[in-house]
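# Summary of the model geometry
The residues making up each chain are set out below.
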Amino acid sequence: MALQCGIVGLPNVGKSTLFNALTAGKALAANYPFATKDPNVGVITVPDKRLDKLTEFVQPKSVVPTVIEIVDIAGLIKGASKGEGLGNQFLANIRETNAICHVVRCFDNDQVIHVDGSVDPVRDKDIIDTELIFKDLETLDKRLEKINKAAKTGNKDAVATAELGKRLKAHMEDAKPARSFAQDEKEEAFVKDLMLLTSKPILYVCNVDENSVKNGNKYTEAFKAAVADEKAEVILVCANIEAEIIQLDDPEEKEMFLEEMGLTEPGVNRLIFACYTLLDLITYFTAGEKEVRAWTIVRGTKAPGAAGVIHTDFERGFIRAEVIGYDDYETYKSEAAVKEAGKFKVQGKDYTVADGDVMHFLFNV
C-alpha cells in the first residue's frame, strides 16, 4: 500500500541518520541545516516473527515480507508557515503523508550544531507545532470564508458548520493540534475533509546518546511530561547506534552488539512497529509452496478488500475466503492438520480480517 509515515523535526536532530538506519538507505546525513532539501522516500520491511514461523512450516520457494513507506522530510525552522527556510516545501511534503514521526534531539554534543543554539526538545516540539498550527489556521480561515457566506443566507447546515469551524479555530488558537479537538462522528467528517496537518496521528522519537537509550535522561523526562496529555507514544532511540547496527550483516555479530548495548532488539524495530500501529495497519498472510507472503491492510478491512490488495480482480470477483487463524497454524503446523482439527474456516464478504489470518481467496471474473 502507499501509506506513508513522515519523519519530521528541526534541522540536525538526527532525522536522516534515523532514516538511513530504518531503510538502509543513503540519505545525506550532514552536520549543517537543510542537509535534506528534498524528501527521501524509503521502503521499510516490517519485521514479523509470524512470517518466519510460517516459512518454517511451509518451506516455500520464496518469502515476501510486508512493508511501509517512510519519508525523510526537510528540517523546519521558525517562520516555516510564512515560507522561511524550506517551509513551503516542508509543509507540502508533510501534507502528503498519513502520519507523523516527530524526532526531537535529546543529547548533548558540541560538535553537532543546533539551529537554536541549545538542546531543548520541548521548545523544539513547540516550534514545529506552532508552525503547523499556523498553516492549519490559514487553511481553516479560507474554508470558513465560504461557509460563513452560506451561513448568512440562513442555510442551517452552513450555520452548524460555521459554529463547528469557530470552535475548531478557538481550539487551535489555544496552541492545540486539531487531533486533540473533541468531535462527534458527523463533525469528524468536516475536520477530516480539511486535511489539516495537525490532524495526522503522531509518534514522538527522542534521539538520545548511547548511555540514555534504555532509561532516558533529563531531556526525555521533560519531554514526556510535556506531551503527557497527548496520549502519543514516545520512543527512545539512539540514531548513531542504529546506524552502526545496520552495517552489521552477520546476525550473531548483530546480536552480540545489542547485548553489549544492553538491548534486546534494534530501536528501529520498535519504531517500525509503532509506525505500523500509528497508521492503524494489520498484517494477513498467504501461504503456499510457491510463496509465503505478508500483506498490509487497514484494521477493519473486510475480506473482499483484503483480497483486492493482492489484485483488483480478487475483490471484484470475490466468492469466499478460506481462513486459518495464525495461532491455529502455529499449533498444528500445517494446513492439513488444521483442517483435520476442525479449525479451518470459510468466510464470506462480511468477514472482518483479523491480524495474523492466513488466507486463501476464491474468486471468479
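### Digging into the packing of aromatic side chains
Across all of its chains, the model carries 6 aromatic pairs by this definition. Here Tyr284 and Trp295 contribute two aromatic rings whose centre-to-centre distance is 6.5 Å and whose plane-to-plane angle is 20°, an arrangement assigned as stacked. You can see Tyr284 sitting in strand β8 (residues 281-287) and its partner Trp295 sitting in strand β9 (residues 291-298), a full 11 residues away along the chain. Of the residues examined, Trp295 reaches a relative accessible area of 10% and is grouped as buried. In this structure an aromatic cluster arises from ring pairing among Tyr284, Trp295, Phe318 and Phe361. Seen from the ring of Trp295, Arg293 lies directly overhead, with NZ or CZ sitting 4.2 Å from the centre.

### What about empty space enclosed by the protein?
By the definition in use, this model includes 1 cavity of 30 Å³ or more. Its volume calculated, the largest cavity comes out at about 50 Å³. Lining the largest cavity we find Val8, Ile100, His102, Ile128, Asp129, Leu132, Pro177, Arg179, Thr198 and Ile202. Of all the elements in the fold, those that place two or more residues in the lining of the largest cavity are β5 (99-106) and α4 (121-151). The dominant element in the lining of the largest cavity, judged by the number of residues it contributes, is α4, at 3 residues. Residue composition of the lining of the largest cavity, by class: 6 nonpolar, 2 polar and 2 charged.

Reading guide: rules and limits
Every chain is numbered independently, its residues counted from 1 as its sequence is written. Only residues with pLDDT of at least 70 are given local features in this predicted model, and only at 80 or more are side-chain atom pairs given and counted; all residues enter the totals for whole chains, interfaces and linings. Hydrogen atoms and water are omitted, and side-chain values are computed over all heavy atoms in the structure. Aromatic pairing here means that ring centres of Phe, Tyr or Trp (its six-membered ring) are within 6.5 Å. Orientation follows from the plane angle: under 30 degrees is stacked, over 60 is edge-to-face, and everything else is tilted. For the purposes of this entry, the term helix denotes a DSSP run of H or I that reaches at least four residues, the term strand denotes a run of E that reaches at least two, and both are numbered from the N terminus. When a residue's accessible area, from a 1.4 Å probe over protein chains only, is under 20% of the maximum for its type it is buried; when over 50% it is exposed; and in between it is partly exposed. A positively charged side chain is recorded as over a ring if its NZ (Lys) or CZ (Arg) lies within 6 Å of the ring centre. The angle to the ring normal must also be within 35 degrees. Every definition here rests on a 1 Å grid over the protein atoms only: cavities are sets of points where a 1.4 Å probe fits but cannot get out, pockets are open sets enclosed by protein on both sides within 12 Å along at least five of seven lines, and lining residues have some atom within 4 Å of a point. Grid points are joined across faces, edges and corners, and a volume is the space filled by probe spheres set on the points. Under the grouping applied here, Gly and all other residues not named as nonpolar or charged are polar, the nonpolar ones being Ala, Val, Leu, Ile, Met, Phe, Trp, Tyr, Cys and Pro and the charged ones Asp, Glu, Lys and Arg.

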